[in-house]
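Summary of structural features
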Amino acid sequence: MVNEGQASSSSSSPSSSSSSSSSALSFLTKGWNEVKHSADADLQLMKKRANSFKDLATSFDRELENFINSASTFSVPAIRSPPAEIDFVKKLQPNLSEFRRAYSSPDFSKKVLEKWGPRSRIRIDLSAIKNAIVSEVEADGDGVMEFDRVRRSKRLNFKEFWGEWKGEGEAEEGQFKDWEPIRALKTRLKEFEKRSSSVEIFGGFKNSEFVEKVKSSLKSICKEPEESKEVPPLDVPELLASLVRQSGPILDQFGVRRDLCDKIVENLCSKRKNQLLLRSLSPEESSILENENINDELDLRIASVLQSTGHHYEGGFWTDRSKHDPPDGKRHVAIVTTASLPWMTGTAVNPLFRAAYLAESAKQNVTLLVPWLCKSDQELVYPNSLTFSSPEEQEMYIRNWLEERVGFRADFKISFYPGKFSKERRSIIPAGDTSQFIPSKDADIAILEEPEHLNWYHHGKRWTDKFNHVVGVVHTNYLEYIKREKNGALQAFFVKHINNWVTRAYCHKVLRLSAATQDLPKSVICNVHGVNPKFLKIGEKIASERELGQKAFSEGAYFLGKMVWAKGYRELIDLLAKHKNDLDGFKLDVFGNGEDAHEVQSTAKKLDLNLNFMKGRDHADDSLHRYKVFINPSVSDVLCTATAEALAMGKFVVCADHPSNEFFRSFPNCLTYKTSEDFVAKVKEALENEPQPLTPEQRYNLSWEAATQRFMDYSELSKVLNNIEEGEKMSRANGKPMTKSVSVPNLTEMVDGGLAFAHYCLTGNEFLRLCTGAIPGTRDYDKQHCKDLHLLPPQVENPIYGW
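Residues numbered from 1 in each chain as written. Predicted model: local features only at pLDDT ≥ 70, side-chain atom pairs only at ≥ 80, totals over all residues. Heavy atoms only, no water.

Here the protein chain averages 75 in pLDDT, while 62% of its residues score no lower than 70. Long-range and interchain partners of residues 277-292, a stretch whose pLDDT sits below 50, account for 17 contacts in this model, where long-range means more than four residues apart. Throughout residues 796-803 the model reports pLDDT below 50, and contacts reaching past four residues in sequence, or to other chains, amount to 17 contacts. (pLDDT = per-residue confidence, 0-100. Contact = heavy atoms within 4.5 Å.)

Membership of the largest hydrophobic core comes to 108 residues, with the highest contact counts inside it found for L402, F412, L576, L588, I631 and F679. Counting contributing residues, this core receives three or more from each of domain 2 (332-529 + 718-726 + 747-789) and domain 3 (533-702). What L402 contacts, discounting residues up to four positions off in sequence, is L352, F353, A356, A410 and F412. Among the nonpolar cores identified, the runner-up in size contains 27 residues, and A334, A443, V470 and W501 belong to it. (Core = buried A, V, L, I, M, F, W, Y, C linked by side-chain atoms within 4.5 Å. Buried < 20%, exposed > 50% of the residue type's maximum accessible area, 1.4 Å probe, protein only. Domains from an automatic or database assignment.)

With that settled, consider helix α19 (residues 391-406). Here α19 is 16 residues long and its end C-alpha atoms lie 22 Å apart, about the 22 Å a rise of 1.5 Å per residue gives. Residues P391, Q394, I398, R399, W401, L402, R405 and V406 constitute the buried set of α19. Taken end-on, α19 shows its buried residues confined to a sector of 165°, consistent with a single buried face. Looking at the residues trailing α19, positive phi occurs at G407, about 85°. (Helix = DSSP H or I, 4+ residues; strand = E, 2+ residues; numbered from the N terminus. Expected span 1.5 Å × (residues − 1). Arc of directions from axis to C-beta.)

Contact pair helix α25 (residues 569-578) / helix α28 (residues 676-688): the axes reach a minimum separation of 10 Å and the direction vectors enclose 85°. In terms of their interaxial angle, α25 and α28 are classed as roughly perpendicular. For the pair formed by α25 and α28, the contact residues are L575, L576 and K578 on the first element and S676, E677 and F679 on the second. Broken down by class, the residue content of the contact of α25 with α28 amounts to three nonpolar, one polar and two charged. (Axes fitted to C-alpha atoms, helices over the stretch in contact; angles between N-to-C directions. Parallel < 35°, antiparallel > 145°, perpendicular 65-115°, else oblique. Nonpolar A, V, L, I, M, F, W, Y, C, P; charged D, E, K, R; others polar.)

Following the sequence through the fold, S435 ends up in the loop between β4 (427-430) and β5 (445-449). We classify S435 as buried; its relative accessible area is 0%. Only 2.7 Å separates the side chain of S435 from the side chain of D433, close enough to count as a polar contact. Ignoring sequence-local partners within four residues, the contact set of S435 consists of H458, K461, W463 and K466. (Polar contact = N/O pair within 3.5 Å; in protein donor to acceptor, adjacent residues only side chain to side chain.)

Think of a sheet as strands paired side by side through backbone hydrogen bonds, with each pair either parallel or antiparallel. Strand order in this open sheet of eight strands is β4-β3-β2-β1-β5-β6-β7-β8, and the pairing throughout is mixed. The open sheet is flanked by β4 and β8 (523-525), the only strands paired with a single partner. Neighbour-to-neighbour, the strand axes of the sheet open up by a mean angle of 30°, direction not taken into account. Two elements, β5 and strand β6 (residues 469-474), share five bridges in a ladder whose sense is parallel. Each bridged residue has a counterpart across the sheet, and for L448 the counterpart in β6 is G472. Packing against the sheet, α19 makes contact with β2 (364-372) and β3 (413-422), and its axis sits at approximately 110° to β3. Those strands touched by helix α30 (residues 704-714) are β5, β6, β7 (509-512) and β8, and its axis lies near 140° from that of β7. (Pairing = 2+ DSSP bridges.)

At a closest axis distance of 11 Å, the pairing of helix α17 (residues 346-360) and α19 adopts a crossing angle of 70°. Between α17 and α19, the angle falls in the class roughly perpendicular. Pair α17 / α19 crosses with right-handed handedness. For the pair α17 and α19, contact is made by V349, L352, F353, A356 and Y357 and by I398, W401, L402, R405 and V406, respectively. (Left-handed = near helix turned anticlockwise from the far one by under 90°.)

The next thing to look at is unusual backbone geometry. When glycine is set aside, most residues are seen to have a negative phi, and most peptide bonds are trans. Of note, the amide linkage connecting L341 to P342 takes the cis form, showing an omega dihedral of 10°. Following the sequence through the fold, P342 ends up in the loop between β1 (331-336) and α17. Phi is positive for R426, close to 55°, though the residue is something other than glycine. Structurally, R426 is set in the loop between β3 and β4. The class for R426 is partly exposed, based on a relative accessible area of 35%. With phi around 60°, H790 is a residue other than glycine that occupies positive phi space.

What follows deals with the pairing of strand β9 (residues 555-560). The sheet contact formed by β9 and strand β12 (residues 627-632) spans three bridges and is parallel. Pairing of A557 across the sheet is with V629, part of β12. In terms of strand pairing, β9 meets strand β10 (residues 588-591) through four bridges, oriented parallel. Residue pairing across strands places L560 opposite F591, the latter belonging to β10. As a crossover connection, the stretch from β9 through α25 into β10 is right-handed. (Right-handed = clockwise from strand over helix to strand, strands pointing away.)

Pasting the structure below:
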């Protein structure tokens, strides 16, 4: 019966629908036993294939072991794995062996056969086999689609089993055709056996693209953690260098020069710096290290060590945390000066121009704080008996004078603080606490014009506590003036240390206009003054006249300045008296007023000098335009404004070879002399020649625009306005910013705070104030100031002197 059924099945056409139906009916009549025998035959074939797969896995394991052992002998250019990667592959070998043993064990085969038992429901999940085959062999599209379709059918009933059966009838060999999924599996396994040789299996490793993908995958999975780079502790030379540097304020008060301390610090740190340069650094890093300041390097080193320990510096003993950010988001700049127009002095004129040009950019609000003098003092100070009955009247005078010269209306505020004129010092001394006249909401940035002068007797809030950034601008060489007085050397000694004291205690940064001033703490040298734009226009007019062939200069030489001996009159008379015969016929016009006018004129007349004295006048006066030579022999000036104005007008300037004239040496019309004989030669050279016209670059360097830019850069005001942390440094190790001011406790700040507290205590005692030359009653303002400035009496004022 079975043979007949098989014969009839084989003779029927598969393409005919009727034969298909009869074959199906005949298959049903075969009975369950015949289906069982057919399934058993298929299972036997699968068992053989499983054993073949077991042998294949064993071969794969052996080949993999040979590959690992011979990995170092591969000469494939794309494989350049370091020993660490080969070790990682070796670590995978036990896992692969376990995988092979698991799938080649008898238990695995038994479980497979039990799954395919006749009484079991057919549950096919070939995902593991399918994934293994697809990853190594490129299957054709039909087979894979067929495989996926069967895999998705996790539980097949008899109808589904029947629907998937594709073979009807008997094969030529007398056996039923395989079930289609089994047939596909057999085909794939045969193809896999053909490619099972080690050459084909491991030939893929010679594919550079494959190797690179494997390497990148392994690196992404097993990424090595970054090694924690421990910061070495500070060594003994670094600790000593830090101690010496931070002891600078104390050593400076005892007369130890700052450059000597810097030299000691540099020598102590040079050993470690040389060690860093000997490391295998890149050329760029080496050049940065070589050019970096040794103090910055030490700051960065200390900050990195402290931060590596988790230390965070919260502020010193004297730190005031009441500072605030401006409520409207716009920065405020307060300029405090010691003089005001119509007193034509440098500390009255230059701060006024600075306020105008800082306010011109409109990036920050500006307030100019000037002294208010009672009418009795005004008569002593202001020229031509000019007085004001109210601050509003004087403010109107100041604004009109400024607008006439700058050509624009500057939008800044002018405020007044009480002041008194000292006849002995010939200067204005503040009365009371000057800082209280800047409201707390505007206390952001302070510019102290003459910081030593403003703080000699300052008794009130510490400037650096109330303001976020305080810049001092040194105008006057007080030591030079004091040395000319009685017991000048002794007075100069005390004044020098007092100046160091107050500037260190009340300023963050100090700008010295020239090296003629004393070397103050936290100071740099830079000319931050410009000339009135009116003088540049005069110079342009004279240059255009000379281009047209007209005679620009019809007069000879002149000198202009306040008529006091210290302003250069002593040097001028001595030079002319010594070389009266060499300068025979030389005539000099002198313009100026002052306390020593009568004595100066009588001395010149006694020596029979050819000097023509005239009243003082504005340097921009028309009567002074036609002079060709400006002579200024003064060595007491810090930076003579009249010299800059004469150069701006295109004149010759004959001046001493002195630090105060360092800025002017780059101008060809500036003729400097070192000896008295050289002075005579320079005067004759200027009288016999014509000055050179200024270039556009030279005119810009003299302007207030350039001076304002220099001020922003050297005072670090641009950083403050842009909210850049002053103590921020870039760590070379990781390229991240490191703020030393937050992490490093600073002994210098502690010393500065202690000096400020000591100064506050001393200036609060009236007896000590009088012993040091203070004007009586200047610790507080008087009743007249209260009346003029509409202030409450001092005893009614809220206490502001608390620390």
